[in-house]
Amino acid sequence: MTGDGQDGDRGSARAQDLEQRLAAVRARIGAASAAVRREEPRLIVVTKYFPASDVRILAGLGVTDVGENRDQEAAAKAEELEALPLTWHFIGQLQTNKARSVVRYAHSVHSVDRATLVTALGKAVRGEQERRAEAGVAPRPDLECFLQFTLEPDAAPGGRGGALPADAHALAEAVTAADGLRLAGVMAVAPLGASAPEAFTRLLEISASVRAVDPAATAVSAGMSGDLEDAVAAGATHLRIGSDVLGPRPAVG
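Below is a summary of the structure that appears in this document.

Calculation rules
- Residues numbered from 1 in each chain as written.
- Predicted model: local features only at pLDDT ≥ 70, side-chain atom pairs only at ≥ 80, totals over all residues.
- Heavy atoms only, no water.
- Helix = DSSP H or I, 4+ residues; strand = E, 2+ residues; numbered from the N terminus.
- Rg over C-alpha atoms; globule rule 2.2 N^0.38 Å.
- Buried < 20%, exposed > 50% of the residue type's maximum accessible area, 1.4 Å probe, protein only.
- Contact = heavy atoms within 4.5 Å.
- Areas by Shrake-Rupley, 256 points an atom, 1.4 Å probe, with all protein chains shown as cover.
- Lys, Arg positive; Asp, Glu negative; His and termini not counted.
- Charge placed at Lys NZ, Arg CZ, Asp CG, Glu CD.
- Salt bridge = Lys/Arg side-chain N within 4 Å of Asp/Glu carboxyl O.
- Arc of directions from axis to C-beta.
- Pairing = 2+ DSSP bridges.
- Right-handed = clockwise from strand over helix to strand, strands pointing away.
- Core = buried A, V, L, I, M, F, W, Y, C linked by side-chain atoms within 4.5 Å.
- Polar contact = N/O pair within 3.5 Å; in protein donor to acceptor, adjacent residues only side chain to side chain.
- 1 Å grid on protein atoms, 1.4 Å probe; cavity = no way out; pocket = protein on both sides within 12 Å on 5 of 7 lines; lining within 4 Å.
- Points joined across faces, edges and corners; volume = space filled by probe spheres on them.
- Nonpolar A, V, L, I, M, F, W, Y, C, P; charged D, E, K, R; others polar.

**Topic: the overall build of the chain**
Then step 1. Counting its regular elements, the chain contains 9 helices and 8 strands.
Then step 2. Relative to a compact globule of 253 residues, whose C-alpha radius of gyration would be 18 Å, the chain shows 19 Å and is just as compact.
Then step 3. Taking the principal axes of its C-alpha atoms as reference, the chain extends roughly 65 × 50 × 35 Å.
Then step 4. Each of the 253 residues in the chain was classed as buried or not, and the buried ones make up 45%.
Then step 5. Partitioning the intrachain contacts of the chain with sequence separation of at least 6 by distance along the chain shows that 59% fall at a separation of at least 24.
Then step 6. Just so you have it, the chain exposes about 12600 Å², and 50% of that area is on carbon and sulfur atoms.
Then step 7. In the chain, 27 side chains carry a positive charge and 33 a negative one; their mean positions are 2 Å apart.

Pasting the structure below:
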């Protein structure tokens, strides 16, 4: 068998694997949504560490929303796959010096956790609009911002993994006051070893505080491969699913 033939066989096998995995996840989401009589949440397939070729296959299977954690990797994939009808979600911890790059391709950022990042993103969006105007291309829409909160009971201020729930009102006000940003809602990861239903219930309470600032900020980004049913039951509007769709993470050298 030629090298081209071997590559084709591997590509076909990978496409079949992704199709089966994606169908299984979609079935889980459908069953979970039906059980609580809720509209199905938006599925964001998290493709970090996986090649652009996998994203291309997923797009062919009807996936429209892709999540990435690292700007360098996300920017390269978004550029390579620019012709595809994909919506890119940045879901990893974001340094302020990466804001300018992220707003070039991201529809939303799910990890807005501090006022300095709000300021950086607002400035970056303004700069991106100026760049597009000078290039004669259409302006980008407002950047959707999900406020990320820690659900750890003993979290310290300024720690990694999200803002403190007590800061919800102030952080929401900062986003609504920034030109070029739109407050979408809230995001969190259920703590390891904790009850996912309890964690997501807490996130819904935080969401109420955010909606008191902007009633339109109704999105709830919650739930991953291991707890998507709990997230759906709690009222998640966006699910971030990686391993159950893409399989084991490839070795990263």
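Let us keep going from here.
**Regarding the pattern of salt bridges**
Then step 1. This model, assessed by the stated rule, comprises 15 salt bridges.
Then step 2. Of the charged contacts, one joins Glu229 and Arg28 as a salt bridge, the two residues approaching to 2.8 Å between their closest N and O atoms. Taken together, the positions of Glu229 in helix H8 (residues 228-234) and Arg28 in helix H1 (residues 3-36) put the pair 201 residues apart, joining distant regions of the chain.
Then step 3. Given a relative accessible area of 33%, Glu229 falls into the partly exposed group.
Then step 4. By relative accessible area, which is 24% here, Arg28 ends up partly exposed.
Then step 5. A salt bridge links Arg28 to Asp244, with the shortest nitrogen-to-oxygen separation between them at 2.6 Å. A residue pair is termed long-range when its members are at least 10 positions apart, and Arg28 in helix H1 and Asp244 in helix H9 (residues 243-246) qualify at 216 residues.
Then step 6. Within the structure, one salt-bridge network assembled from shared partners comprises Arg14, Asp17, Arg21 and Asp54.

**Comments concerning helix H2 (residues 52-60)**
Then step 1. Those residues of H2 not exposed but buried are Ala52, Asp54, Val55 and Leu58. One side of H2 holds all its buried residues, which, seen down the axis, span an arc of 155°.
Then step 2. Of the residues one or two after H2, Gly62 is the one with positive phi, at around 100°.

**Quick look at the pairing of strand E1 (residues 42-46)**
Regular strands place their side chains on alternate faces of the sheet.
Then step 1. Burial of E1 is extensive: 4 of the 5 residues sit out of reach of the surface.
Then step 2. Relative to strand E8 (residues 238-241), E1 runs parallel, the two being bridged by 4 bridges. Among the inter-strand pairings, Arg42 is bridged to a residue of E8, identified as His238.
Then step 3. In this view, the connection linking E1 to its parallel neighbour strand E2 (residues 65-68) by way of H2 has right-handed handedness.

**Looking at the nonpolar core**
Then step 1. By size, the foremost hydrophobic cluster in this structure holds 66 residues, and its most contacted members are Leu121, Leu147, Leu181 and Val210.
Then step 2. Ignoring sequence-local partners within four residues, the contact set of Val210 consists of Leu147, Phe149, Ala168, Ala172, Leu183, Val186 and Ala217.

**Observations concerning the environment of Gln72**
Then step 1. Inspection of the secondary structure assignment puts Gln72 in helix H3 (residues 71-80).
Then step 2. Taking relative accessible area as the criterion, Gln72 reaches 70% and is therefore assigned exposed.
Then step 3. Separated by 30 residues in the primary sequence, Gln72 and Val102 have C-alpha atoms spaced 9.1 Å apart.

**Focus on the environment of His238**
Then step 1. By secondary structure assignment, the location of His238 is in strand E8.
Then step 2. Spatially, the C-alpha atom of His238 lies 11 Å from that of Ala188, the residues being 50 residues apart in sequence.
Then step 3. A distance of 2.7 Å separates a polar atom in the side chain of His238 from a polar atom in the side chain of Thr237.

**A word on the layout of surface pockets**
Unfilled space is identified by rolling a water-sized probe across the atoms.
Then step 1. Within this model, the largest pocket holds a volume of roughly 830 Å³.
Then step 2. Contributing to the lining of the largest pocket are 34 residues, with Lys48, Asn69, Ile91, Val189 and Met224 lying nearest its centre.
Then step 3. Residue classes in the lining of the largest pocket are distributed as 14 nonpolar, 13 polar and 7 charged.
Then step 4. Lining the second largest pocket we find 21 residues, and of these Ala78, Glu82, Arg104, Tyr105 and Arg132 sit closest to its centre.
Then step 5. If you list the elements that add at least two residues to the lining of the second largest pocket, you get H3, strand E3 (87-90), strand E4 (106-112) and helix H5 (115-135).
Then step 6. Its residues placed into classes, the lining of the second largest pocket shows 12 nonpolar, 3 polar and 6 charged.

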